[in-house]
Amino acid sequence: MNPQAKLISISSLLLGTTITISSSHWMMAWTGLEINTLAILPLISNPHHPRAIEAATKYFLVQAAASTLLLFSSTTNALFTGQWDITQLTHPTSCLLLTTAISMKLGLVPFHFWFPEVLQGSSLMTSLLLTTAMKFPPITLLLMTSPSLNYTLLTTMAIASAALGGWMGLNQTQIRKILAFSSISHLGWMTIIIIYNPKLTLITFYLYCMMTAATLLTLKTTKILKLSTMMTAWTKIPSLSATLMLALLSLAGLPPLTGFLPKWLIIQELTKQEMTPTATIIALLSLLGLFFYLRLAYCATITLPPNSSNYMKQWRTNKPVNTLTTTLTTMTITLLPFSPMILSML
């Protein structure tokens, strides 16, 4: 891709995100989301492969439909209440439409169908943007309007997302699709607590972004796209393969890794709100995700490839590992002891 075109796309992404998260008027928020959508399209379709073009088309259609619903929701609210302020969304129909629009933007169940397909058609770096940066503006809007939204609907969608993200990831062999279903599952955890403790949702989102970025940057360094290549990639950079296993287990939420912290805090908060059955259900559903993360971790480090005569080891690369990858991976593994400091932010 032309460096100038890439610079324009990245700058537009930053501009769109900044406009959306800093605006208090619905029209400005909508404008920021549209800038974001148009800026990411060239990055998705960059390889000029039929699958990449298909992914860009799907992404555009879904995001355009979601933006239309969001605009319709805000206009309906303004018609009945005279308010264009984001925090003043009070009309029930507008709240329902907004929940639908944000769910489509994020990829929450039952509006998740586009997300794995788009991620599968994108490169690893574009997948990183789609799973982290592109979810920040919709999460912010959901956070600002959460007091007005229907909690029963949000809880149902959250539990369905955690369940489907776990079930659908079980039989996947493509790494990007597995990470897409992992993202859907994590969004369920964020959504279930958003009304009771919005700051906890943000902390969960930040930690999820950090863990996903560490995983995807490691996969990019080792050029892994599916399980079969993951099994033979351990010879390239053995130390990085070991840290990849720990990053995946952190995403699964195993103690004593960083990923355990948000799940522990969410279950604790749900219990405080006397929602023990909900906490029990979502904790059990996280076991589904744990299964496919364990399978990935097993393929990354524990599986020894066949030593038959037609098997050739991959060359060990001398390319130095990126400092950003190293930093993110270290934080992904070691942040749990700093939980008192993180809790002081709540």
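Please read all numbers here as calculations on a predicted model, not as lab measurements. Residue positions are given per chain, counting from 1 as you read along its sequence in written order. Where totals are concerned, whole chains, interfaces and linings use all residues; where local detail is concerned, this predicted model gives features only for residues with pLDDT of at least 70, and gives and counts side-chain atom pairs only at 80 or more. In computing side-chain properties, one takes all heavy atoms of the structure into account and sets aside hydrogens as well as water.

Is there a simple way to explain the domain arrangement of the protein in this structure?
A common measure of how large an interface is: the accessible area buried when the components associate. Domain start and stop positions are those given by an automatic or database domain assignment. Taken domain by domain, the protein holds domain 1 (1-123) and domain 2 (150-345). Taking the mean C-alpha position of each, domain 1 and domain 2 sit 25 Å from one another. Both sides of the domain 1 and domain 2 interface together cover about 1,400 Å² of buried area, and 72% of this is carbon and sulfur. A quick way to say it: buried area is the sum, across both parts, of accessible area lost when two parts are put together, with a 1.4 Å probe. The three residues of domain 1 that bury the most area against domain 2 are L108, V109 and Q120, which together make up 40% of that side's buried surface.

Just to check I follow, could you spell out the nonpolar core for this structure?
Soluble globular proteins: nonpolar side chains tend toward being buried together. In these notes, a set of buried Ala, Val, Leu, Ile, Met, Phe, Trp, Tyr and Cys residues joined through side-chain atoms within 4.5 Å is what counts as a nonpolar core. Exposure classes here rest on a 1.4 Å probe applied to the protein chains alone. A residue is buried below 20% of its type maximum, exposed above 50%, and partly exposed in between. With 75 residues, the main nonpolar core has L219, M230 and L270 as its most contacted residues. At 14 residues, helix α10 (residues 198-222) tops the list of elements feeding residues into this core. Of the residues that make up this core, three or more belong to each of domain 1 (1-123) and domain 2 (150-345). Judged by nonpolar contacts, the second largest core, of 22 residues, contains Y59, A66, L130 and M134. Going along the chain from the N terminus, every DSSP run of H or I of four or more residues is numbered as a helix, and every run of E of two or more is numbered as a strand.

What exactly am I supposed to notice about the packing of aromatic side chains here?
Note on aromatic pairs: each is described by the distance of the centres and the angle between the planes. Here a pair means two rings of Phe, Tyr or Trp (six-membered ring of Trp) with centres within 6.5 Å. Their orientation is stacked below 30 degrees between planes, edge-to-face above 60, and tilted elsewhere. For the structure shown, the criterion picks out 8 aromatic pairs. Ring geometry for F205 versus Y206: centroids 6.3 Å apart, planes at 55°, classification tilted. Measuring from ring centre to ring centre gives 4.9 Å for F292 and Y293, while their planes differ by 45°; the resulting arrangement is tilted. You'll find F292 and Y293 in the same group, each marked buried. Aromatic rings pair up to connect Y59, W114 and F115 into one cluster.

Looking at this structure, how should I read the side chain of Q172?
Following the sequence through the fold, Q172 ends up in the loop between α8 (151-169) and α9 (175-192). Between N or O atoms, a polar contact is any pair within 3.5 Å; within protein, one atom must be a potential hydrogen donor and the other a potential acceptor, and residues adjacent in sequence are included only when both atoms are from side chains. A distance of 3.2 Å separates a polar side-chain atom of Q172 from the backbone oxygen of M168. Setting aside chain neighbours within four positions, we find Q172 in contact with K177, I178, F181, L227 and R295. Two residues form a contact once any of their heavy atoms are found within 4.5 Å.

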